[in-house]
2 protein chains.
Amino acid sequence: MAVDFLKGISAELKWVETLIANRLESKYPEMVPLIKHSLKKTGKMLRPAFAILFGKIVGIEDEKSVKIGATLELLHNSTLVHDDVIDNADIRRGQKTHNSIWDNTITVLYGDYMFATAMNIAVELENIDVLRKIASVSKSLVTGELIQNANAFNFPPKREVYFEIIKLKTAVLFSACCSLPLIVGGKEDLLPLAEKFGEKLGIAFQIVDDCLDFKADLKKLGKPKLIDLPEGKATLPVLLAMENGEEDVVDIVQRVFKSKGDVFDERDKKTLVKILEKNGYLKEAFDFAKILISENMEILERFENNEYRKTLFKICDFIINREF
Amino acid sequence: MAVDFLKGISAELKWVETLIANRLESKYPEMVPLIKHSLKKTGKMLRPAFAILFGKIVGIEDEKSVKIGATLELLHNSTLVHDDVIDNADIRRGQKTHNSIWDNTITVLYGDYMFATAMNIAVELENIDVLRKIASVSKSLVTGELIQNANAFNFPPKREVYFEIIKLKTAVLFSACCSLPLIVGGKEDLLPLAEKFGEKLGIAFQIVDDCLDFKADLKKLGKPKLIDLPEGKATLPVLLAMENGEEDVVDIVQRVFKSKGDVFDERDKKTLVKILEKNGYLKEAFDFAKILISENMEILERFENNEYRKTLFKICDFIINREF
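Criteria and thresholds
- Residues numbered from 1 in each chain as written.
- Chains lettered and ligands numbered in written order.
- Predicted model: local features only at pLDDT ≥ 70, side-chain atom pairs only at ≥ 80, totals over all residues.
- Helix = DSSP H or I, 4+ residues; strand = E, 2+ residues; numbered from the N terminus.
- Rg over C-alpha atoms; globule rule 2.2 N^0.38 Å.
- Buried ≥ 20, exposed ≤ 12 C-beta atoms within 10 Å, placed from the backbone.
- Contact = placed C-beta atoms within 7 Å.
- Least-squares fit on C-alpha atoms with pLDDT ≥ 70 in both.
- Nonpolar A, V, L, I, M, F, W, Y, C, P; charged D, E, K, R; others polar.
- Expected span 1.5 Å × (residues − 1).
- Bend = angle between axes of the 7 residues up to and from the residue.
- Core = buried A, V, L, I, M, F, W, Y, C linked by C-beta atoms within 7 Å.
- pLDDT = per-residue confidence, 0-100.
- Axes fitted to C-alpha atoms, helices over the stretch in contact; angles between N-to-C directions.
- Parallel < 35°, antiparallel > 145°, perpendicular 65-115°, else oblique.
- Left-handed = near helix turned anticlockwise from the far one by under 90°.

**Q** Residues and numbers for the overall build of chain A, please.
**A** Broken down by element type, chain A carries 14 helices and two strands. The globule rule puts the C-alpha radius of gyration for 324 residues at 20 Å, and the 20 Å found for chain A is close to it. Counting only residues that meet the buried cut, chain A has 49% of its 324 residues in that class. Counted over contacts in chain A with a minimum sequence separation of 6, partners at least 24 positions apart contribute 71%.

Here it is in C-alpha cells:
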C-alpha cells in the first residue's frame, strides 16, 4: 500500500485485506493458486479507505466499515480481472495478470468468483438498504464497461459518453464507499452529502488518472504510457483539444480509431502529447478535477472535525497531485 | 416453453419472463440489442417452475415466488452466457449465442450484467436469509464451473469430481429454487425437506442430461450429440464403464482427453455408444437418477396434497423420461 497518510487506518485496511483473503478461501485445491495470485498485490486501497474513514466519522463499528470496504474493493477487483481479459493485458500493478498465467476461460470464471464472493461479504452486513445499493453499484459498473466497449473507436468521440462512463464505472463506486457507512449508521441527514462527495471524488480521480496517461512516466524511461487512445478511448484532454478544433489531434484520433489502435507512431505520439501539454488541454482537464475537489473540501466542512476528516482532506489533495 | 404440464402455472411463468425483461431493460441504447437477443428464446423454465410450485404449496404471495424464480433463472442464464464463451459455442436453444453475434468481450460483460441484474431482483425480496442463500448459490455455481474447467481432460476422470461438479453447478441451484419459498414463508419445519428434494432433483436432472448426450437425437438425423467427452467431461455412464474395466472405453477416453478433444472419430463414437448402451451403463446411470427421483416422491408425500404437488410429481416423472 503506497499512500503514507493512510497510516492512521492501516490496521483497518489490513483487516480488509485479511477479510477478503478469508472469504475468497476455498476448500477446493483447484482454486488455491488462483486465489493466492489475486492476493499477491493489492492496489492503493483507496475505496476501502473511504469506507473506513466515513465509518469512523459517523461512528459505526469498524467491522461494518471493513465489510463495506472489502465488498467494494473485491467488486472493483473483479471488474479489473475481466478488464484484463478484455484488454488482453499481461501486467497489472506490476504483477502478471490471471489471464497471462492461466487462460481467458479460467480468468473469466475467477472474476465471477470474486464478484460472487463480494456479494457474500455484502450479505454479512445484514442490511437491505446496503445490499440494494451494492447490487445497484454492481450493475452500474458492468453497464459502464459495456457502454465503454460499445463506444470504443467511435469517431468522433463524445464528451457526454466520456462522462457517462466515468460516472458508471468510477463515481458510482466511490459514492457507495463514502455513503454506505452512513446508511449503516442511520445518518440520513448527511447521506446526500456523502454521496455527492464520493461522486465528485470518483470523477476527479478518473480524470486525473486519464491525464496521467499523457504525462511522463518516470518508471518507464520518462515516456508517457499512452494506452487509452489505442484502446479506442478518448479521454478529457483529447476531447477538449478536439472540441477546440485542434486539427492535428482530430487527425491523430481519427487515424488511431480507424485502424483500431494499430496506427499510432512515435511522431503522432509526440505531436499529441505536445499539443495537449503546450496548448493547455491537460491543465484544463486537471483544473476540471481540481474544481470538483475544491467543492468536496467544502462538503467536508459539514462533517465533524477530527483526525479522520483531516485524512479525507489529505486524500483529496493526493488525488489531484498524485503521479501514479 | 416446452413442458405441457406446467400449463397450470403458465401465467406465473410468463410473469417471470416479463419481470426478467423488465429488470434487464436499460436506458442505454447500446444495451438494447444484447438484451433483446437474450430474451428471444427462454429455456424450459424448470427452475422458476419449482420456485412457483413450492411457493404455491406453502402459500406465499406469487410475486415473491416470481422474484425468486426470476433471480435464479437469470443467475443460471448468466452462467450459460459465460459457458458459451468458454466453449466457443455458436448455438444455444436453437438460437445463435451472444458470442457468435458479438465478440467474447461484450459477451463476458453481458453475462456480468445478467448476474448483476439477478442480484438486483433478489434484493427486491427484502429478506436477508433469502439473500444469504442466493449469494451462496452464486458462489457455488462459479466454483462448480471452475472445478469443471480445472479438471477437464484429467485422466483418469474421477467419480467424486463428477458428483462434486453436479452438486455445485446444478443441485445447489435446484435446491435453492425449491427451498427459498419456504424461507420466505417461514416454514422452517419443511425447509430441510425442500432443500433435500431440490438437491436430489438437480442431481437426477443432470445425470439424465448427461445420459442424453449419448442417446440418438431425433432432430439431428438420429445421431447422438456426444459433446461432453470432447470438452474433457467424462459423465456418469462413461465413469461406470471405466470403473467396470471396459478397456475400449478407457482407451477412447484416454485418446480423446490426450488430444484435448481433437481425436474422436466415427468408429470411436460408435464403439463408445454401443458399449454404454449394450453393456447397461446408460441404464445404470438412468437407474441412479430414478432412485433419487423415487426418494423425492416420498419426500413430496410430506407436503400438502393439492394440484401443485401433483404438478411436482409430474415434473419428477418428466425429468427421468424426457428426451430433450
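Here the narrative resumes.
**Q** Summarise the relation of the copies chain B and chain A; cite the residues concerned and give the values.
**A** Least-squares fitting of chain B to chain A yields an RMSD of 0.0 Å, with the superposition described by an axial translation of 0.0 Å and a rotation of 180°. The superposition of one copy onto the other is thereby described by a two-fold rotation axis. Most of the interface of chain B is mirrored in chain A, where 100% of its interface residues are also at the interface.

**Q** Before we move on, could you go through the interface of chain B and chain A and cite the residues and values that matter?
**A** In this assembly, 35 residues from chain B lie in contact with 35 residues from chain A. Listed by contribution, the elements that provide at least two residues to the side of chain B that touches chain A are helix H4 (62-87), helix H6 (104-124) and helix H7 (128-151) of chain B. Among the residues forming the side of chain B that touches chain A, the class breakdown is 20 nonpolar, nine polar and six charged.

**Q** Just give me the short version of helix H8 (residues 159-184) of chain A, but keep the residues and values in it.
**A** All names here are of chain A. The terminal C-alpha atoms of H8 lie 36 Å apart, and with 26 residues this matches the ideal 38 Å at 1.5 Å per residue to within 8%. In H8, a bend of some 45° at Lys-167 exceeds every other bend along the element. Gly-186 occupies a position one or two residues after H8 and carries a positive phi of about 65°.

**Q** Any details on the nonpolar core? Residues and values, ideally.
**A** Core analysis: the biggest nonpolar cluster contains 209 residues, and A:Ala49, A:Ala204 and B:Ala204 have the highest contact counts within it. Leaving out residues up to four positions away in the same chain, A:Ala49 has contacts with A:Leu6, A:Ile9, A:Leu13 and A:Ile315.

**Q** I'd like a rundown of the environment of B:Glu63, residues and numbers included.
**A** All names here are of chain B. As for its position among the elements, Glu-63 is in helix H4. Of the residues examined, Glu-63 has 14 C-beta atoms within 10 Å and is grouped as partly exposed. Distance in space between the C-alpha atoms of Glu-63 and Ile-207 is 32 Å, their sequence separation being 144 residues.

**Q** Break down the confidence of the model for chain A for me, with residues and values.
**A** This prediction gives chain A a mean pLDDT of 93; 97% of its residues lie at or above 70. Scored as a complex, the prediction yields pTM 0.94 and ipTM 0.93.

**Q** Before we move on, can you summarise the environment of A:Gln254 with the specific residues and values?
**A** Its location among the elements puts A:Gln254 in helix H11 (residues 247-258). Measuring from C-alpha to C-alpha, the distance between A:Gln254 and A:Pro156 comes to 7.6 Å, with 98 residues separating the pair along the chain.

**Q** Mind laying out unusual backbone geometry, listing which residues take part and the relevant values?
**A** Residues and elements named next belong to chain A. The peptide bond linking Phe-155 to Pro-156 adopts the cis configuration, its omega dihedral lying at -5°. The topology assignment puts Pro-156 in the loop between helix H7 (128-151) and H8. Phi at Glu-126 is positive, roughly 50°, even though this residue is not glycine. Topologically, Glu-126 is positioned in the loop between helix H6 (104-123) and H7.

**Q** Give me the lowdown on helix H3 (residues 46-58) of chain B, citing residues and values where you can.
**A** All names here are of chain B. With 13 residues, H3 extends 18 Å from end C-alpha to end C-alpha; this agrees with the ideal 18 Å at 1.5 Å per step. With 12 of 13 residues buried, H3 is to be regarded as a mostly interior element. Every buried residue belonging to H3 is among Arg-47, Pro-48, Ala-49, Phe-50, Ala-51, Ile-52, Leu-53, Phe-54, Gly-55, Lys-56, Ile-57 and Val-58, and all of these are buried. Summarising the contacts, the buried residues of H3 are in contact with helix H1 (10-24), H4, helix H8 (159-184), helix H9 (191-212) and helix H14 (307-321). Positive phi shows up at Gly-59, right after H3, with a value of about 75°.

**Q** Describe the packing of H3(B) against H8(B), and please don't skip the residues or the numbers.
**A** Residue and element names in this part refer to chain B. Where H3 contacts H8, the two axes come as close as 7 Å, and the packing angle between them is 25°. In terms of orientation, H3 and H8 fall into the roughly parallel class. Crossing angle aside, the handedness with which H3 passes H8 is right-handed. Contacts from Arg-47, Phe-50, Ala-51, Phe-54, Gly-55 and Val-58 in H3 reach Leu-173, Phe-174, Cys-177, Cys-178, Leu-180, Pro-181 and Leu-182 in H8. Considered class by class, the residues forming the contact of H3 with H8 number 11 nonpolar, one polar and one charged.

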